[in-house]
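# Chains, contacts and geometry: an overview
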Amino acid sequence: MKGDRVEIVVDAGDTTRTYEVVASRAGRRVETAVRRGVVEVSEVTRSGSVVRTARFMANRVLALVEQPIPREDSSEKAGQSGRPLGEDPET
């Protein structure tokens, strides 16, 4: 979803570098995959098309932090209460 982001901290020899991949538009999401010693972080559309990809050698990645946007809880939606169905509110 728009706002999802992944931060990647990479060892760059004598220092570290931080990269971010952000879902920049509504309906896009960020996916991570580790394959054959390579970490891939991709921004993907609803239909599954890859918009952009960042690739890093797995042995150089120090941290991979996924930061999803806060989702609305279904019990907090308007018109719903925290009581079970069939319970009379006046008793």
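Below: a short report on this structure. What you are looking at is a predicted structure, and each value in this text was computed from that prediction instead of being measured. (Residues numbered from 1 in each chain as written. Predicted model: local features only at pLDDT ≥ 70, side-chain atom pairs only at ≥ 80, totals over all residues. Heavy atoms only, no water.)

For the protein, the helix and strand inventory stands at 0 helices and 6 strands. Counting from the amino terminus, helix and strand elements in the protein follow one another as β-β-β-β-β-β. Every one of the 91 residues in the protein was classed for burial, and the buried ones make up 22%. For the protein, the accessible area works out to roughly 6,900 Å², and carbon and sulfur atoms hold 47% of it. (Helix = DSSP H or I, 4+ residues; strand = E, 2+ residues; numbered from the N terminus. Buried < 20%, exposed > 50% of the residue type's maximum accessible area, 1.4 Å probe, protein only. Areas by Shrake-Rupley, 256 points an atom, 1.4 Å probe, with all protein chains shown as cover.)

Checked against the element boundaries, Arg60 lands in the loop between strand S5 (50-57) and strand S6 (61-67). Overall, the relative accessible area of 38% leaves Arg60 in the partly exposed class. Along the primary structure Arg60 and Asp11 are separated by 49 residues, whereas in three dimensions their C-alpha atoms are 5.2 Å apart. Sequence-distant contacts of Arg60, that is, excluding residues within four places in its chain, are made with Val9, Val10, Asp11 and Gly13. (Contact = heavy atoms within 4.5 Å.)

Attention now goes to the nonpolar core. One recurring pattern in soluble globular proteins: nonpolar side chains tend to sit buried together. Ranked by size, the top nonpolar core spans 11 residues in total: Val6, Ile8, Val10, Val21, Ala23, Val30, Val39, Val41, Ala54, Phe56 and Val61. Of all the secondary-structure elements, those providing two or more residues to this core are strand S1 (5-11), strand S4 (38-44) and S5. For Val39, the contacting residues outside a window of four places in its chain are Ala33, Val34, Ala54, Arg55, Phe56, Ala58, Val61 and Leu64. (Core = buried A, V, L, I, M, F, W, Y, C linked by side-chain atoms within 4.5 Å.)

Another aspect to go through is the sheet that holds S6. The strand order across the open sheet formed by 3 strands is S2-S1-S6, and the pairing between neighbours is antiparallel. Unpaired on one side and paired on the other, strand S2 (16-22) and S6 mark the two borders of the sheet. Direction aside, the axes of adjacent strands within the sheet are offset by 15 degrees on average. (Pairing = 2+ DSSP bridges. Axes fitted to C-alpha atoms, helices over the stretch in contact; angles between N-to-C directions.)

Before going further, it helps to examine the packing of aromatic side chains. Overall, the coordinates contain 1 aromatic pair when judged by the stated rule. When the centroid spacing of 5.3 Å and the interplanar angle of 40 degrees are considered together, the rings of Tyr19 and Phe56 count as tilted. Taken together, the residues span a long stretch of sequence, with Tyr19 in strand S2 and Phe56 in strand S5 at a distance of 37 residues. (Phe/Tyr/Trp six-rings, centres within 6.5 Å; stacked < 30°, edge-to-face > 60°.)

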